[in-house]
Amino acid sequence: MSDPPWRRSAKAYTPGVPAWGAKTSTRTFEEFSAVPMREISPEWAWGGGDGSGVRVCVVDSGVQGDHPLVGGVDRSVTTVENADGAVEIAECAPSDRAGHGTACAGVIRSLAPKASVSSVQVLTDGKTGSGAALIAGLSWAVDQGFDVINLSLATTRAAISAQLHDLVDRAYFRRCALVVSAHNRPVPSYPWSFSSVISVASHDEDDPMTYYYNPAPPVEFHARGVRVPVAWAGGGTIRSTGNSFAAPHISGLCALVLGKHPWLTPFQLKTVLYLCAGNVAGRFGGAHDTPR
């Protein structure tokens, strides 16, 4: 299946106008089904949605496809080193080396039960992996054109930060919503700190649908991430804490929103998330509005 027109690479030059310009006399721009800001509410954004038609990729330690809280994996790949030492992508069984990726997939599925979930293994034990594997796995997910990519990990390796920056920008321009967890410690790390991703840290409330906008970036949103009941390797569940489990709550919400409004760009999607956040929605006449 070929990409829709807005996923294809733009031409660098249009005759008669400067590079990257557009000749409006011969081209019709894409129309958007935008609504006034005051009409955007949680009900408008995801009410009645189930994630149908949305493709989500979990870039992590793998996903156990037969876990009852995951409900199947559409595609599963892993990163492998070839004879020349380069990292390649190979098909693999939908399994998890640690449980971390399965936990993330289970959270996403709990919010968006009809979304398609795929997996890329880049971590060897749920905690560690090479920079080359991260770049290769994330590149594959972006090139596949997933609607939402969940990356519940961060690297402190400054040597690959520029490469990661270019990669997440490519995701942004391909309309891949890249949801990334902040590091659990206050250390310089990537790619959550880049502005083209949707960055997420934790709050300690129990409602999986409750999230907040952070007015003091680089973290943009806070979602449930403390003592979260999550799926784990082997078919069971555990309670775990970390920004890793806050990010898939936002990924699940993104899947719900895109299931209802597939035309949204990452920029527009982030704006919808902002307007529907628990500490913002009431200010614009949304579901949490308080009469004044």
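Position numbers for residues count from 1 along each chain, tracking the sequence in the order it is written. Residues qualify for local features only when their pLDDT is at least 70, as the model is predicted, and side-chain atom pairs are given and counted only at 80 or more; totals for whole chains, interfaces and linings, by contrast, use all residues. Note that water and hydrogens are dropped before the side-chain values are worked out from all heavy atoms of the structure.

Asks: What is the right way to look at the pairing of strand β10 (residues 228-231) in this model?
Replies: The side chains of a regular strand alternate, first on one face of the sheet and then on the other. Direction of pairing for β10 relative to strand β11 (residues 237-240): antiparallel, over a ladder of four bridges. For A231, the partnering residue across the bridge sits in β11 and is T237. Here β10 folds back onto β11 in antiparallel fashion, the turn holding five residues, of which G234 has a positive phi close to 100°. Here the rule is simple: two strands pair whenever DSSP picks up at least two bridges between them. Secondary structure follows DSSP: runs of H or I at least 4 residues long count as helices, runs of E at least 2 residues long count as strands, and numbering of each begins at the N terminus.

Asks: Just to check I follow, could you spell out the packing of aromatic side chains for this structure?
Replies: In this description, an aromatic ring pair is defined by two values, namely the gap between the centres and the angle between the planes. For Phe, Tyr and Trp, rings pair up if their centres lie within 6.5 Å, where Trp contributes its six-membered ring, and each pair is then called stacked (planes under 30 degrees apart), edge-to-face (over 60) or tilted (otherwise). Considering all chains together, one arrives at seven aromatic pairs under this definition. Look at Y190 and F194: their rings are 5.8 Å apart centre to centre, the planes differ by 25°, and that puts the pair in the stacked class. The pair Y190 / F194 is uniform in exposure class, with both members buried. Each ring, one from Y213 and one from F221, has its centre 6.1 Å from the other, and the planes form 65°; the classification is edge-to-face. Ring-pair connections join several aromatic residues into one group, and the members of that group are W46, Y211, Y213, F221 and Y274. Here, a charge over a ring means that NZ of Lys or CZ of Arg falls within 6 Å of the ring centre while also lying within 35 degrees of the ring normal. We note R55 situated over the ring of F146; from NZ or CZ to the ring centre the distance is 4.3 Å. Each residue's exposure class comes from its accessible area (1.4 Å probe, protein chains only) as a fraction of the maximum for that residue type: buried when under 20%, exposed when over 50%, partly exposed otherwise.

Asks: Hey, could you run me through the pattern of salt bridges in this one?
Replies: For side chains of opposite charge, pairing can occur when their charged atoms come near one another. When a carboxyl oxygen of Asp or Glu lies within 4 Å of a side-chain nitrogen of Lys or Arg, that pair is called a salt bridge. Scanning the model with the defined rule gives four salt bridges in all. In this structure, the salt-bridge partner of D206 is R224, at a minimum N-O distance of 3.8 Å. On the criterion of sequence distance, the pair formed by D206 in the loop between β7 (198-203) and β8 (211-213) and R224 in strand β9 (residues 221-224) is long-range, its members being 18 residues apart. Residue K270 is joined to E220 by a salt bridge in which the shortest nitrogen-to-oxygen separation is 3.0 Å. With K270 in helix α6 (residues 266-276) and E220 in the loop between β8 and β9, this residue pair connects regions lying 50 residues apart in the sequence.

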